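Coordinates in review
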Amino acid sequence: MNFTAGYLQSSVGKKLIMAISGIILIGFILGHLIGNLQVFSGPEKFNNYAKFLQSLGGLLWVARIFLLGTLLAHIISAVALTKENKAARPIGYQNENTNVASWSSRTMVISGMVIAAFVIYHLLHFTIVVADPELIPLKDNHDIFSMVVIGFQKPIVAASYIVAVGLLCFHLNHAIFSVFQTLGINSSSMDKKIKLFSTALSTLIFLGYASIPVSILLNIVKPQGGM
Ligand code: HEM
């Protein structure tokens, strides 16, 4: 085993993989949010944005494969680190100090699993379009705006997205803080500011994503033709 492979398989190496893949995934989440917020600019702008992405052709597939590889690296390292932590502490703490570890840090595995399940559902919903047959003709017509609006007019679907992005925010709150720790950007004087930054960024991401289904449910964003 050479030095690099050995390092990446160590706990520190796995944490580094989690941090780097996490930064890339956060980059996607922010980019996807900015793109989706175009829904507030109306059908033409939103559909042009979707058309632009499709026009990237081969490049889009390179980005998709890179993103999938990044997500897999993130999940595989998370599973391996969790196993290592459990093996090092088979009996568990007698007295878990609930004040030391924040709520979101102790629920990273479960929130991560729910987010992974949401991403699969989301791909079936808007990319492969098999979760809601009503959306198929809209997708075939490249009317992504109507697809999103009609999709979120169903309260149960809109509610499940709001819950999922809420959990994503919860996951990111601890994840962003952890990235700084792993990269060694921490000190007792900086930790408070980093925590504030993590909470502010994850809350903004939640409000941004949740604003889309909420605005559709409240009829602020209406289908084309304005029913
Ligand atoms: C209100 C929230 C969201 C809306 C309205 C939304 C909208 C969309 C739409 C319309 C597509 C399909 C684009 C197309 O095929 O033209 C898409 C794809 C995708 N979304 Fe979302 N999304 C939301 C939240 C999220 C979240 C929170 C994540 C990740 C955690 C995410 C990850 C993805 C991924 C990975 C794809 C596939 C990209 C591709 O295949 O090119 N989305 N989204």
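Higher on the page you've got the structure.
1. With respect to the overall build of the protein
The helix and strand tally for the protein stands at 10 helices and zero strands. When the helices and strands of the protein are placed in sequence order, the string is α-α-α-α-α-α-α-α-α-α. For the protein, the residues scored as buried account for 19% of the 227 residues in total. Across the protein, every contact between residues at least 6 apart in sequence was considered, and the portion connecting residues at least 24 apart equals 75%.

2. A look at the environment of Q54
For Q54, the position within the fold is in helix α3 (residues 43-55). We classify Q54 as exposed; it has 10 C-beta atoms within 10 Å. With 88 residues separating them in the primary sequence, Q54 and H142 have C-alpha atoms 9.8 Å apart.

3. What about unusual backbone geometry?
Backbone geometry places H142, a non-glycine residue, at a positive phi of 60°. Relative to the assigned elements, H142 resides in the loop between α7 (136-140) and α8 (144-152). For N219, which is not glycine, the phi torsion reads 65° and is therefore positive. Of note, N219 is situated in the segment after α10 (188-217).

4. Observations regarding the packing of helix α2 (residues 11-36) against helix α9 (residues 155-182)
The contact between α2 and α9 brings their axes to 10 Å, and the two run at 125°. Here α2 lies oblique to α9, going by the angle between them. The handedness of the crossing between α2 and α9 comes out as left-handed. Together, K15, L16, A19, G22, I23 and I26 of α2 and L172, A175, V179 and T182 of α9 make up the contact between the two elements. Here the contact of α2 with α9 is built from residues that sort into seven nonpolar, two polar and one charged.

5. Comments concerning α10
Over its 30 residues, α10 extends 44 Å from the first C-alpha to the last, a length consistent with the 44 Å expected when each residue adds 1.5 Å. Considering bend angle alone, the principal kink of α10 is centred on S211 and spans about 35°; proline P213 follows within four residues of it. For α10, every residue scored as buried is listed here: S198, S202, I205, Y209, I212, P213 and I216. In this structure, the buried residues of α10 make contact with α2, α8 and α9. Trailing α10 by a residue or two, N219 shows a phi angle of about 65°, which is positive.

6. Brief notes about the site of the ligand
Close contacts around the ligand come from 19 residues, with N36, A50, F126, Y209 and I212 the closest. Breaking the shell around the ligand down by element, the ones donating at least two residues are α2, α3, α6 (108-127), α8, α9 and α10. Looking at the shell around the ligand element by element, the count peaks at five residues for α6. In terms of residue class, the shell around the ligand is built from 14 nonpolar, four polar and one charged.

7. Regarding α6
The end-to-end C-alpha distance of α6, which contains 20 residues, comes to 27 Å, matching closely the 28 Å that a straight helix rising 1.5 Å per residue would cover. Positive phi shows up at V129, right after α6, with a value of about 55°.

8. Examining the packing of α9 against α10
Where α9 meets α10, the closest approach of the two axes is 8 Å, and the angle between their N-to-C directions is 165°. Classified by the angle their axes make, α9 and α10 are roughly antiparallel. Handedness of the crossing formed by α9 with α10: right-handed.

9. A closer look at the environment of A73
Relative to the helices and strands, A73 is located in helix α4 (residues 58-88). A73 sits in the partly exposed class, given 19 other C-beta atoms within 10 Å. C-alpha separation for the pair A73 and M18, spaced 55 residues apart in sequence, amounts to 7.4 Å. In this structure, A73 is in contact with I17 and S21, ignoring residues within four places of it in sequence.

Procedures and definitions
Residues numbered from 1 in each chain as written. Predicted model: local features only at pLDDT ≥ 70, side-chain atom pairs only at ≥ 80, totals over all residues. Helix = DSSP H or I, 4+ residues; strand = E, 2+ residues; numbered from the N terminus. Buried ≥ 20, exposed ≤ 12 C-beta atoms within 10 Å, placed from the backbone. Contact = placed C-beta atoms within 7 Å. Axes fitted to C-alpha atoms, helices over the stretch in contact; angles between N-to-C directions. Parallel < 35°, antiparallel > 145°, perpendicular 65-115°, else oblique. Left-handed = near helix turned anticlockwise from the far one by under 90°. Nonpolar A, V, L, I, M, F, W, Y, C, P; charged D, E, K, R; others polar. Expected span 1.5 Å × (residues − 1). Bend = angle between axes of the 7 residues up to and from the residue. Near = placed C-beta within 6 Å.

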